Amino acid sequence: MASNTMAGGLVAGSHARNQLHVLHGVDEDPRPPTRESKAKICRICGDDVGFKDNGLLFVACYECGYPVCKACYEYERSEGNQNCPQCHTRYKRHKGCPRVVGDEEDNFDDDFEDEFQLKKEERDFNEHQNHTEWCCHSFCCRKWIFEGEKETYNNEEWKERVAKWKTRQEKRGLVTKADDGGNDQDDDDDFLIAEARQPLWRKVPIASSLINPYRIVIVMRLIILCFFFHFRILTPAYDAYPLWIISVICEIWFGLSWILDQFPKWFPINRETYLDRLSLRFEREGEPSRLLPVDVFVSTVDPLKEPPIITANTVLSILSVDYPVEKVTCYVSDDGASMLLFDALSETAEFARRWVPFCHKYSIEPRTPEFYFNEKIDYLKDKVQPTFVKDRRAMKREYEEFKVRINALVAKAQKKPEEGWVMQDGTPWPGNNTRDHPGMIQVYLGSEGALDVEGKELPRLVYVSREKRPGYQHHKKAGAMNALVRVSAVLTNAPFMLNLDCDHYLNNSKAIREAMCFLMDPQIGKKLCYVQFPQRFDGIDRHDRYANRNVVFFDINMKGLDGIQGPVYVGTGCVFNRQALYGYDPPASEKRPKMTCDCWPTWCCCCCSGSRKKSKAKKKGLKAVLGLGGLFNKKKMMGKHYTRRSSGSAFDLEEIEEGLEGYDELEKSSLMSQKNFEKRFGMSPVFITSTLMEDGGLPEGTNPGSLIKEAIHVISCGYEEKTEWGKEIGWIYGSVTEDILTGFKMHCRGWRSVYCTPKRPAFKGSAPINLSDRLHQVLRWALGSVEIFLSRHCPLWYGYGGKLKWLERLAYINTIVYPFTSIALIAYCTLPAVCLLTGKFIVPTLNNLASIWFMALFISIIVTGVLELRWSGVSIEDWWRNEQFWVIGGVSAHLFAVFQGLLKVLAGVDTNFTVTAKAADDAEFGELYLFKWTTLLIPPTTLIILNMVGVVAGVSDAINNGYGSWGPLFGKLFFAFWVIVHLYPFLKGLMGRQNRTPTIVVLWSILLASIFSLVWVRIDPFLPKQTGPILKQCGVEC
């Protein structure tokens, strides 16, 4: 650890306290690297670059000095594209390396000398070496490496490559043949080494035959849309002028919404991971695992609404994950301070001692007992152990007994005693008052003696309930997650964190390994803020009536964002880089040095470049001293390459300041002006020390007792006061959808994210499948978007000085403006009924050219959808359900969210819509027919009745007026049926299985529709106003 830290650059610390702090990540030693200096790391395979025969560091590319080892260099020249991964310059042949096709003719002498082993004096490469003395310090890969394709080979191809390379080495006498007895073992070792050098993941671009037509149609649709608006604006319907104005405004808004949604899907990609290579690289036989630790967060609030058996199953799936047990810690946040959950976790920890070894022994999937034992599959498939059936039956019996114990706890918790809950030892439960209680931490597993039934170590399980007091703002889920960040940093401090909702379990035991293929990648790992997995759900009916699976978003929109700057954070199923949550910037890629021509003297170029560097550094230092750069504007608070590692205990801030003695005043002032830890992270030296340890881990010599005490301190209700928690650090406050804000802030700093979609879904959860619950879920999401729109973090005006890409910004703008589409949508859905009742229409008589534009627009919409389904693999049924629920949610939940958000932000009025449950069937998907009354049901019901009445009125009018009135009627009927068809799932859910609808819904809807229709007919604003005398019928038949 110390050697790695020293290699990072200038180091400040105290030897007596065994503490190290890296101040600069760039080594400024002008001497050429030798064997005595620290070896460089190959950016392709992760091994040491190595040295030449003369003791100098091996440099593959003389242009940019990108660190590549000799083996990867020779593989790239013989089997790859023969170019440097960073600067695209063709590799020149090094002395002693085989010649390949395309080598320059001026190197023929070297080729002749190498192939015939002639002894000559070595050529002078001083000019190249002088140039590479600066270049070899570049460790940052360029952007195209992240976005470019990674070349991969199967096992047979790699065996051939290794065999060819060994043959060439043997011919040149660099490798001697071993005895016959050891050849097989050497071949296997060479093959494993070669396989470990392969990338851990690769990008799978969409085939050009699928994506190019899709992009062409998008451009054509945009052009057609422009001509369509040109026609609509310049040809008003004078007989229905108000309706025409409303329709044009709505159509323009729909066009802008389509642009915001469509263009972020311009670069969709897929990704594949290679878990076997991850194991070969970081889990070598006979060596300790080098996989980095992971802290898993599970959040819950009310165990009576979120059943403890569901939370217990999620915890069991985490504890049995396929990952080194000493590197996994599960933290459960109980924001309701419930003794029920406390006791349930105690039972879960006891059951885990038998469940975890069973999962590891038989490699079962999924490792959630509730879903594993209820799966309707052949559980004997691929099982060869004779004891499996017996052990499975015994484990199922154990789980059923475990469920009975949990059910007993739930039944006991239904009625709270007057004196409050009492623990088993007789002491009162500290959380009897859920709004006024101290912080609580309980470690169930991971301590001494907490082993499974086979005597093996188990992952750690920690119960956390943060302190709550009256008068403090606790910020709901975002505040609970920030408390878990601090507790985990004090107790375990893993560099990565996985957060899950209590109803989302690990469906794939290798999910964490999937994320590590990206986060531990030597090229892009340090620049990733998180790896997002798609959400998959159990218990949804086959037809997915209300688009609960959200397939279009997760399989189309998210893949499109993955090709830009990364997917948005969706609140669960996400593995975070801890450093990104601390508000730091990602490591900046060093730019290549500008090439100078031979016409200028070398000293001139050096002086000019040197003066520029000095002036730039001076400006940066002055900017930091004056505070103009913002707090922590550079990476890691002390330069963009500051790495925070510490091998000793550092529990006092004075120790950090002792390392400043060896630096000039400018650096010292810059360091002290930007490094006010207490104002940023809070008054906890232990937590501040953990933020300086980039690779995680605890300082040496820490006392577990003192750590628990400090953990209680960091979850106190007043800890975040006058700090940047919730503003720049951790989960961001200010919206009920804190996930969007948190991911948006990270992307604005320049971080990237990755979308990982393994073949077996990584996580699965539950979703509300009945109409009322689904609408309330959508209401909460839309309300959060409105809150962000009205805050300072709105993507329309926030972060323009950062590193957020424009297409990524469009995607974030779309996520916060989509609720406002409901205003235009409900107006547009009302227009067909109005047109049918009044006989007017929003479009005047069409000529041939206008008809062509209308037809072209509809055809382009259909073709865009078809091509989108082709490259994404989404079924047409999922796509159609998504379109239907877009209208259903838009005219109900989104509309209420807009007004509720405006009242909450502007007037401070918090409006809640209550939900009342009715009885449901116990059959499969019985909850689908569960009806709950809510005011969200009134607008869409009214729209359905209005359009049905309009259809009846329009057809009746056409029958009375004769054949000539049927032509104009078809356009009106088309739009009315468009509304009815999109609202059909809502109507079906409203009627229920027994076609029973509550009277209040029918009364309100019929009343509003009748009043609107009668008032409209009475006013009839489209009748021409008479200017002459009013003529009335005399009543006499002439």
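Parameters and conventions
Starting afresh in each chain, residues are numbered from 1 along the sequence in its written order. Owing to the predicted nature of the model, reporting of local features is limited to residues with pLDDT of at least 70; listing and counting of side-chain atom pairs is limited to 80 or more, with chain, interface and lining totals taken over all residues. Side-chain measures here rest on the full set of heavy atoms in the structure, leaving out hydrogens and waters. pLDDT expresses how confident the predictor is about each individual residue, on a scale running from 0 to 100. Contacts are residue-level and defined by heavy atoms, with any inter-residue pair within 4.5 Å sufficient. Salt bridges are defined by distance alone: a side-chain nitrogen of Lys or Arg within 4 Å of a carboxyl oxygen of Asp or Glu. In this text, helices come from DSSP runs of H or I with a minimum length of four residues, and strands from runs of E with a minimum of two, each type numbered from the N-terminal end. Relative accessible area decides the class of each residue, using a 1.4 Å probe on protein chains only: under 20% of the type maximum gives buried, over 50% gives exposed, and in between gives partly exposed. In plain words, nonpolar cores are sets of buried Ala, Val, Leu, Ile, Met, Phe, Trp, Tyr and Cys residues tied together by side-chain atoms within 4.5 Å. UniProt positions are given in the numbering used here, feature names are shortened, and annotations may be inferred rather than shown by experiment. Here the rule is simple: two strands pair whenever DSSP picks up at least two bridges between them. Within this analysis, patches are made of residues with over 30% relative accessible area and no salt bridge. Like charges are joined at 9 Å or less; nonpolar side chains (Val, Leu, Ile, Met, Phe, Trp, Tyr) at 5 Å or less. For every accessible area listed, the method is Shrake-Rupley and the probe measures 1.4 Å; residues are considered covered only by the protein chains on display.

Visitor: Quick one: what's the story with the confidence of the model for the protein, residue by residue and with numbers?
Guide: Across the protein, the average pLDDT comes to 75, with 71% of residues at or above 70. Below a pLDDT of 50 lies the segment residues 174-182, which in the model reaches 6 contacts outside its immediate sequence neighbourhood of four places, other chains included. In the predicted structure, residues 668-674 sits below a pLDDT of 50 and forms 18 contacts with residues beyond four places in sequence or in another chain.

Visitor: Got a sec to walk through the pattern of salt bridges? Specific residues and values, please.
Guide: If charged atoms from side chains of opposite charge come close, those side chains can pair. Tallying each qualifying case throughout the model produces 31 salt bridges. Of the charged contacts in the structure, one is a salt bridge between Asp335 and Lys468, with a shortest N-O distance of 3.6 Å. Of this pair, Asp335 sits in the loop between β6 (328-334) and α12 (339-362) while Lys468 sits in the loop between β8 (460-465) and α15 (476-491), and the two are 133 residues apart along the sequence. Asp335 gets classed as buried once you look at its relative accessible area, which sits at 9%.

Visitor: Lay out the nonpolar core with the relevant residues and their values.
Guide: With 75 residues, the main nonpolar core has Trp355, Leu461 and Met516 as its most contacted residues. For this core, the element with the most residues is α12, which contributes 14 residues. Not counting the four nearest positions on each side in its chain, Met516 is found in contact with Leu278, Val294, Tyr323, Phe496, Asp521 and Val575. Residues Met497, Met558, Ala711 and Ile788 belong to the second largest nonpolar core, which totals 63 residues.

Visitor: Please provide a residue-by-residue account of the UniProt feature "transmembrane region" (unreviewed entry) in the protein, values included.
Guide: Within this numbering scheme, the UniProt entry marks residues 214-234, 241-260, 816-837, 849-867, 887-907, 928-949, 969-987 and 999-1019 as carrying the feature "transmembrane region" (unreviewed entry). Secondary structure content for residues 241-260 is 100% helix and 0% strand, and the end C-alpha separation is 29 Å. A helix fraction of 90% and a strand fraction of 0% characterise residues 887-907, whose end C-alpha atoms lie 28 Å from each other.

Visitor: For the pairing of β6, give the residues involved together with the corresponding values.
Guide: In terms of burial, β6 is largely enclosed, as 7 of its 7 residues are buried. Judged by which residues are buried, β6 turns out to be covered on both faces: Val328, Cys330, Val332 and Asp334 on one side and Thr329, Tyr331 and Ser333 on the other are all buried. Note: strand β5 (residues 294-300) against β6, 7 bridges, orientation parallel. Bridge pairing links Val296 to Cys330 in β6.

Visitor: Tell me about the sheet that holds strand β10 (residues 505-506), and name the residues and values.
Guide: If you walk across this open sheet you meet the 3 strands as β10-β15-β12, and the pairing is mixed. The open sheet has two edge strands, β10 and β12 (536-538), and neither has a second partner. Bridge count between β12 and strand β15 (residues 763-766): 3 bridges; the pairing is parallel. Note on β15: the bridge partner recorded for Asp538 is Ser766.

Visitor: Provide a residue-level description of the UniProt feature "active site" (unreviewed entry) in the protein, including the pertinent values.
Guide: The UniProt record annotates "active site" (unreviewed entry) at Asp335 and Asp739. With near-sequence residues (within four places) excluded, Asp335 lies in contact with Thr300, Val301, Arg466, Lys468, Lys476 and Ala480. With respect to the helices and strands, the residue Asp739 is situated in helix α25 (residues 738-748). The class of Asp739 is buried, set by a relative accessible area of 13%. Excluding its chain neighbours within four sequence positions, the residues that come into contact with Asp739 are Tyr569, Val570 and Gly571.

Visitor: Break down a nonpolar patch on the surface for me, citing the residues and quoting the values.
Guide: Taken together, the side chains of Ile233, Leu234, Ile252, Trp253 and Leu256 define a hydrophobic patch exposed on the protein surface, amounting to about 440 Å² of accessible area. Going through the elements one at a time, α8 (208-234) and α9 (241-262) are the ones with two or more residues in the nonpolar patch. No other element matches α9, which puts 3 residues into the nonpolar patch. By secondary structure assignment, the location of Leu256 is in helix α9. Owing to a relative accessible area of 47%, Leu256 belongs among the partly exposed residues under this scheme.

Visitor: Break down the environment of Thr942 for me, with residues and values.
Guide: Within the element layout of this structure, Thr942 appears in helix α32 (residues 938-961). With a relative accessible area of 12%, Thr942 lands in the buried category. Linking Thr942 and Thr830, residues 112 residues apart in sequence, is a C-alpha distance of 9.5 Å.

Visitor: Let's hear about unusual backbone geometry: which residues, and what values?
Guide: Excluding glycine, most residues fall at negative phi; most peptide bonds, likewise, are trans. Cis geometry is adopted by the peptide bond preceding Pro366, which originates at Glu365 and carries an omega value of -10 degrees. As for its position among the elements, Pro366 is in the loop between α12 and α13 (369-374). Of note in this structure, Lys476 is not a glycine but carries a positive phi near 50 degrees. Within the fold, Lys476 resides in helix α15. Exposure remark for Lys476: the relative accessible area of 62% places this residue in the exposed category. Positioned with a positive phi, Lys722 is a non-glycine residue whose angle comes to about 60 degrees. You can see Lys722 is positioned in the loop between α24 (704-714) and α25.

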